[in-house]
Each structure stands twice: as structure tokens, then as C-alpha cells.
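The residues making up each chain are set out below.
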Amino acid sequence: MVATFENIRLIGPPAADGEYFAMDEHEIVHLHDYPRIYAVPGLYEHVVQERLRCRSPQVAVEGFLRAATRLAMDPSSMTVLDIGSGTGLVGELAHDGGVARVIGVDSLAEARVACLRDRPGVYADYLIGDLGSRSETLPAQLGQYAFDGLISAGAFGGTHAPPAALINALSVLPVGAPVAITIDERWMDRSDPDGFGAAIERLVERGELVLMERQRFQHRITTTGEPIFYELVIATTGG
């Protein structure tokens, strides 16, 4: 993985339009323009992980491995689903943590291309699709694997995957499987009936999720230096 990015300058957020960075004096890129960012090897890691100090991948994987230990599960025998795989940071960390097989899923074909380019061999398979869509065939594709758990770092909420995607992902897991996800705390407001806070509460009330741990942490900083806080939710699937 390559590249020096000494000319990159963080910008914004202007008005409500989001965060940007300047590649050079000629090009300004929106922080969520993933196809553009993924096209440059190492750019996502430099801007989001290094400059903006994003911690969600590490927090999610460490939480998952902590849960596996508490459940007396051996990572070296586990097949784990990674939702919102991007360039493969979570898969790499899970692999380094001893997980036997990681299956990646992302909605963007550009993410898969970037991951196979920058982290070949990390995923046993990397599928493209939208888990939140009723017409999507992705849940059926995932059915070919015997999953033992799920990790997702920042893929749910806001403009990303809706609660339906989480419900569909949980449907491919067996009872008792560890689940570790990180979600922006803004989407965890339980007063919003369509939000993740209410969705997770309903799953817990119905016994479909059994909470093990919840904690607030600093996900990253904005391009102007303010902290963004997420929640880590660790649970097991219920009956």
C-alpha cells in the first residue's frame, strides 16, 4: 500500500453539507465519496484512520474477540460475517486476532476492488449487495456459509444501512452467536421508532438479541477537530 499524501488538507464542515478534504489545489473530495477515495490506494486509511483518528474497526473487533472469549469460543474455528467491509480494515484486524475465516459484505463494488487490491487474502469471500433491500438476493448468498458471529464497524445508521439490514444479517446467524457493532450515537435515540436504538430495544425485548455490553467511545474527530461519539453494542443472538 503506497503513497504519500503530504498535500492533503482537511476542510469543513461547510453548512450542513458535510466534511471534505483537498487532495491538492485542484480537487476537493467529500469525505463520504467512497468510490473516489477507494480508487487511490491508502487514501482512506490516511484520511480517516490516521488524520481523523477513526477507532471503530479496532473497537468493534476487540469487542467481538472479548465476547468470544467470554463465550468460550475459539476464534481459530470461527467464520465471521463483516458488514460494511470497505477496504478490509475489520477483516484484517479479525484475521490478525485469530479468526479463521471472514466473509465480507459491502454495497459498493469499488470497496471490493480496493480491498482485493490492498488486502488480498484477508477475506474468504467478499460479496456485494444491499442487506436492507427486500428484493436483494444477498441473504440467500450468505446462507451458504455457517457463520459463527458478526462484526460491523460503522456500517449501520444514517445514510448507511437501515435497521432492516441488521435484522437480515442476524437471520443468517445461529443462536448464541456473538455480535459486535458500532453505531453513531445520534442513530441510537430510542425515541425515534425507525432508528437503531428502538430497533435494538425491540430485538432485546423479543429475545432475538441478548446484550452483553454497551459503551460510548470516540469514533473519530471531524475535519475541524470535534469529537464524534459512537456506541459499541456487544450481544449474542437469541432464540
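To be clear, the structure that these remarks concern was listed above.
Residues numbered from 1 in each chain as written. Predicted model: local features only at pLDDT ≥ 70, side-chain atom pairs only at ≥ 80, totals over all residues. Heavy atoms only, no water.

Trainee: Any details on the environment of Leu127? Residues and values, ideally.
Mentor: Tracing the sequence through the fold places Leu127 in strand 6 (residues 125-128). Taking relative accessible area as the criterion, Leu127 reaches 8% and is therefore assigned buried. Along the backbone, Leu127 and Val105 are 22 residues apart, and their C-alpha atoms lie at a distance of 4.8 Å. Each residue touching Leu127, except ones within four places of it in the same chain, is listed here: Gly104, Val105, Asp106, Leu138, Gln141 and Leu142. (Helix = DSSP H or I, 4+ residues; strand = E, 2+ residues; numbered from the N terminus. Buried < 20%, exposed > 50% of the residue type's maximum accessible area, 1.4 Å probe, protein only. Contact = heavy atoms within 4.5 Å.)

Trainee: Would you mind going over the side chain of Arg220 in detail, with residue names and values included?
Mentor: Locating Arg220 in the fold gives a position in strand 9 (residues 209-221). Judged by relative accessible area, which is 8%, Arg220 ranks as buried. At 2.7 Å, the side chain of Arg220 and the side chain of Glu19 are in polar contact. Apart from the residues within four sequence positions on either side, Arg220 is in contact with Glu19, Leu31, His32, Leu52, Arg53, Cys54, Glu226, Pro227 and Ile228. (Polar contact = N/O pair within 3.5 Å; in protein donor to acceptor, adjacent residues only side chain to side chain.)

Trainee: Before we move on, could you go through the packing of aromatic side chains and cite the residues and values that matter?
Mentor: Tallied over the entire structure, the rule returns six aromatic pairs. Plain terms: the ring middles of Phe217 and Tyr230 are 6.4 Å apart, the flat faces sit at 65° to each other, and that makes the pair edge-to-face. Of the two residues, Phe217 sits in strand 9 while Tyr230 sits in strand 10 (residues 227-237), which places them 13 residues apart along the sequence. Across the pair, exposure class does not vary: Phe217 and Tyr230 are buried alike. Here a set of aromatic residues connected by ring pairs shows up, and it is made of Tyr34, Tyr38 and Tyr44. Seen from the ring of Phe229, Arg216 lies directly overhead, with NZ or CZ sitting 3.8 Å from the centre. (Phe/Tyr/Trp six-rings, centres within 6.5 Å; stacked < 30°, edge-to-face > 60°. Lys NZ or Arg CZ within 6 Å of the ring centre and 35° of its normal.)

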